[in-house]
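Remarks on the overall topology
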Amino acid sequence: MSIINRIFGPKVHKKFPRKIRLSNGDCSGLGTYPSEIGGGGPKYWADGIDLEIEVGEVVVAPFPGAIMLSTRPNEIIIKAKGGSVKDMDIIITNIEPNEDIVAENDPSYVEKRVAAGAPIGKATKSTCKNHIHFALKKGKGFVDPTNFLEHKFFKYKEWKQNCDDYFLEWKFETVGAGSIVGQTGRKKTDTSPHLQNENIPMVDLPNDSDSPDSGKSKRGQIKFRIRTRKKCSQEVKKLTN
């Protein structure tokens, strides 16, 4: 398999198990390719890997294809029809298949296609640390399925920018300075104080018409009269003069 396919090639469905079984007290052999039970335990006929899973947990199809029962107990085969796994037999052991999955030589057999991620059965109890056996057969040989497992990418912490200034120095002299994001790119934070008491009693304000200078109030009317009288007396003086 090329490096490009290893990195960007097809991967098993995200719900398919991907934790490889390690050796323990029950199994001295490793679950890496080609897996071995060890300690005199039975050996799988198909070279593959052991993936940890709990008893009774639902197993999904890792890739799409035509599914059928194997001639061996607790085993199914999916014949891939496309992609980088085209013409490969996907073999899963230690599984109790769904009732509607039959063998290819069964008189009632009709090609049954499954999509990646579709439930195909439940995990059975295995000889050691509970697992299913996952193998890929191409022609008369086998392919390491490890490169087809869904990769777990690192999760980075959220970036928090505390400062936004930069300085460009050349020969101990600052030749440029500014901000990386700029004022328009910074996240605006509302720093307005929060009003604790929102139930403020409303106060009736005086009407504008009651203003002393409006002429409508008594005091305003008196001022208006005085101004009018002064104006009239001034006009009379002008006429007499």
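Residues numbered from 1 in each chain as written. Predicted model: local features only at pLDDT ≥ 70, side-chain atom pairs only at ≥ 80, totals over all residues. Heavy atoms only, no water.

**With respect to the pattern of salt bridges**
In the structure shown here, the tally under the stated rule is seven salt bridges. Measuring nitrogen to oxygen at the nearest pair gives 3.7 Å for the salt bridge that ties Glu-52 to Lys-19. With Glu-52 in strand β1 (residues 48–52) and Lys-19 in the loop between α1 (3–8) and β1, this pair connects stretches of sequence that are 33 residues apart. Residue classification places Lys-19 among the exposed residues on the basis of a relative accessible area of 55%. (Salt bridge = Lys/Arg side-chain N within 4 Å of Asp/Glu carboxyl O. Helix = DSSP H or I, 4+ residues; strand = E, 2+ residues; numbered from the N terminus. Buried < 20%, exposed > 50% of the residue type's maximum accessible area, 1.4 Å probe, protein only.)

**A short note on the nonpolar core**
Counting 27 residues, the largest nonpolar core has Phe-16, Val-59, Ile-78, Ile-92, Ile-120, Ile-132 and Phe-134 as its most contacted members. With three residues, strand β9 (residues 131–138) is the single largest residue contributor to this core. Residues in contact with Ile-92, not counting those within four places in the same chain, are Phe-16, Pro-62, Asn-74, Glu-75, Ile-76, Ile-120, Ile-132, His-133 and Phe-134. (Core = buried A, V, L, I, M, F, W, Y, C linked by side-chain atoms within 4.5 Å. Contact = heavy atoms within 4.5 Å.)

**A closer look at the environment of Glu-111**
Among the secondary structure elements, Glu-111 is positioned in the loop between β6 (95–97) and β7 (112–114). In this structure the C-alpha to C-alpha distance between Glu-111 and Ile-67, which are 44 residues apart in sequence, comes to 7.4 Å. One polar contact links Glu-111 to Arg-113, side chain to side chain, over a distance of 3.4 Å. (Polar contact = N/O pair within 3.5 Å; in protein donor to acceptor, adjacent residues only side chain to side chain.)

**Looking at the pairing of strand β12 (residues 173–179)**
By the bridge criterion, six bridges tie strand β11 (residues 165–170) to β12 in an arrangement that is antiparallel. When the bridges of β12 are listed, Phe-167 appears paired with Ala-177. Between β11 and β12, which pair antiparallel in sequence order, lie two residues; one of them, Lys-171, sits at a positive phi of approximately 55°. (Pairing = 2+ DSSP bridges.)

**A look at the packing of aromatic side chains**
Inspection of the entire model under this criterion finds three aromatic pairs. Between the aromatic rings of Trp-45 and Phe-142, the centroid separation amounts to 6.0 Å while the plane-to-plane angle is 70°, which identifies the pairing as edge-to-face. Pair noted here: Trp-45 is in the loop between α1 and β1 and Phe-142 is in strand β10 (residues 141–143), with a separation of 97 residues, a long-range link. Its guanidinium or amino end placed over the ring of Trp-45, Arg-72 lies 4.0 Å from that ring's centre, counting from NZ or CZ. (Phe/Tyr/Trp six-rings, centres within 6.5 Å; stacked < 30°, edge-to-face > 60°. Lys NZ or Arg CZ within 6 Å of the ring centre and 35° of its normal.)

**Things to note about the sheet that holds strand β8 (residues 119–123)**
Strands belonging to one sheet form pairs held by backbone hydrogen bonds; the direction of such a pair is parallel or antiparallel. The three strands lie next to each other as β2-β8-β6, forming an open sheet whose pairing is antiparallel. Each edge of the sheet is formed by a strand with only one pairing partner; in this case those strands are β2 (58–60) and β6. Averaged over all adjacent pairs, the angle separating strand axes in this sheet is 40°, with direction ignored. Here β2 pairs with β8 via three bridges, running antiparallel. Its bridge partner being in β8, Val-59 is matched across the sheet by Gly-121. (Axes fitted to C-alpha atoms, helices over the stretch in contact; angles between N-to-C directions.)

**Concerning the side chain of Asn-130**
Tracing the sequence through the fold places Asn-130 in the loop between β8 and β9. Under the relative-accessibility criterion, Asn-130 is labelled buried at 13%. A distance of 3.1 Å separates a polar side-chain atom of Asn-130 from the backbone oxygen of Thr-124. Beyond its immediate chain neighbours, meaning those up to four positions away, Asn-130 contacts Leu-51, Glu-52, Ile-53, Glu-54, Val-55, Thr-124 and Lys-125.

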